[in-house]
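Tertiary structure, described
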Amino acid sequence: DDSADSNKAKKTSWLNVWLNYLKPKADALYAPIASVSTMVKLPADVTSTITTETVVSSFTYAVSANTTYVIRGRLALGCSGTGGVSLGTKFPSGAVENGNALGRSTSSTAYTSTGFGTSGTLSGLLNSVNSQGGFAFVEIVLSVGATAGNFELIFASVTAGQTSTVIAAGSYLEYIKL
């Protein structure tokens, strides 16, 4: 029957099935997935003119013992000279990290990759293009051992005195607990 009343009844019946059965089942199914991922967006620029580490405190994330995380994101980078930006991470004692950042190197068409792995070590040279912004895509796997603590993203100017070596507002990291 394709009458208007019949179609209205079918729509009402389908809506009731959706609201009372399917949607609650779907919400319950996907709730655990939503609870394992945290996205952090940098609210303001973080700058440095020094060659020693600066912690991007907005990206500091508490990690649990005996847990593995995938940490990935996009960083907007810039510096006022040709020295570039160096990146690194810090994490709890006993944790094992494997990852890298891929981003612009010495020109608007040249790209490079820098690795992560040792806590507190700055590595690589990204965005050494004078007074131009660039980016880095970050992908890290962090396996935390028996000691919980914090994951921190660190960076520095490769050349002392460069002004506005920056990780820009809008950069983000996503922390996925496996």
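Every value quoted in this text rests on a predicted model; they were computed, and no experiment measured them.

Observations regarding the overall build of the protein chain
Of regular secondary structure, the protein chain possesses one helix and 13 strands. Counting all 178 residues of the protein chain, 38% fall into the buried class. Taken as a whole, the protein chain presents about 9,300 Å² of accessible surface, with 56% of it coming from carbon and sulfur.

A look at the pairing of strand E11 (residues 149-157)
Within E11, seven of the nine residues are buried, leaving the element largely enclosed by the surrounding structure. The sheet contact formed by strand E3 (residues 54-55) and E11 spans two bridges and is antiparallel. Paired with Val55 across the two strands is Ile154, which belongs to E11. Across three bridges, the pairing between strand E4 (residues 61-63) and E11 is antiparallel. Note on E11: the bridge partner recorded for Tyr61 is Phe151. Alignment of strand E6 (residues 85-90) against E11, held across six bridges, turns out to be antiparallel. Of the residues in E11, the one forming a bridge with Thr89 is Leu153.

Focus: the nonpolar core
Membership of the largest hydrophobic core comes to 29 residues, with the highest contact counts inside it found for Phe59, Leu75, Leu87 and Ile167. In terms of residue count, the dominant contributor to this core is strand E10 (residues 133-144) (five residues). In this structure, Leu87 is in contact with Leu75, Ala101, Phe116, Thr121, Leu122, Ser123, Leu126, Ala136, Ile154, Phe155 and Ile167, ignoring residues within four places of it in sequence.

A short note on unusual backbone geometry
For Asn66, which is not glycine, the phi dihedral falls at a positive 55°. Turning to its location among the elements, Asn66 is positioned in the loop between E4 and strand E5 (67-78).

A word on the pattern of salt bridges
Should their charged atoms come close, side chains of opposite charge can pair. A full pass over the atoms with the stated rule returns two salt bridges. For Glu53, the salt bridge is made with Lys90, and the minimal N-O distance between the two is 2.8 Å. On the criterion of sequence distance, the pair formed by Glu53 in the loop between strand E2 (46-48) and E3 and Lys90 in strand E6 is long-range, its members being 37 residues apart. With its nearest N and O atoms 3.2 Å apart, the salt bridge here joins Arg72 to Glu174. Within this pair, whereas Arg72 is found in strand E5, its partner Glu174 is found in strand E13 (residues 172-177), the two being separated by 102 residues in sequence.

What about the packing of aromatic side chains?
Counted by the stated rule, this structure contains five aromatic pairs. Between Tyr61 and Tyr175 the ring centres are 4.1 Å apart and the planes differ by 5°, which places this aromatic pair in the stacked class. With Tyr61 in strand E4 and Tyr175 in strand E13, this pair connects stretches of sequence that are 114 residues apart. Note on Tyr61: relative accessible area 18%, which makes it buried. Put simply, the rings of Tyr61, Tyr69, Phe151 and Tyr175 pair up and form one aromatic cluster.

What about the side chain of Glu174?
When its relative accessible area of 15% is taken as the criterion, Glu174 is described as buried. In terms of polar contacts, Glu174 uses its side chain to reach the side chain of Ser37, at 2.6 Å. Among residues more than four places away in sequence, those in contact with Glu174 are Ser37, Thr38, Met39, Val70, Ile71 and Arg72.

Digging into the side chain of Thr89
Within the fold, Thr89 resides in strand E6. Since its relative accessible area comes to 1%, Thr89 is described here as buried. Separated by 2.7 Å, the side chains of Thr89 and Glu97 make a polar contact. Beyond its immediate sequence surroundings of up to four residues, Thr89 is in contact with Glu97, Phe116, Thr118, Ser119, Gly120, Thr121, Ile140, Phe151, Glu152, Leu153 and Ile154.

The rules behind these values
- Residues numbered from 1 in each chain as written.
- Predicted model: local features only at pLDDT ≥ 70, side-chain atom pairs only at ≥ 80, totals over all residues.
- Heavy atoms only, no water.
- Helix = DSSP H or I, 4+ residues; strand = E, 2+ residues; numbered from the N terminus.
- Buried < 20%, exposed > 50% of the residue type's maximum accessible area, 1.4 Å probe, protein only.
- Areas by Shrake-Rupley, 256 points an atom, 1.4 Å probe, with all protein chains shown as cover.
- Pairing = 2+ DSSP bridges.
- Core = buried A, V, L, I, M, F, W, Y, C linked by side-chain atoms within 4.5 Å.
- Contact = heavy atoms within 4.5 Å.
- Salt bridge = Lys/Arg side-chain N within 4 Å of Asp/Glu carboxyl O.
- Phe/Tyr/Trp six-rings, centres within 6.5 Å; stacked < 30°, edge-to-face > 60°.
- Polar contact = N/O pair within 3.5 Å; in protein donor to acceptor, adjacent residues only side chain to side chain.

No statement about biological role is implied by the geometric values presented.
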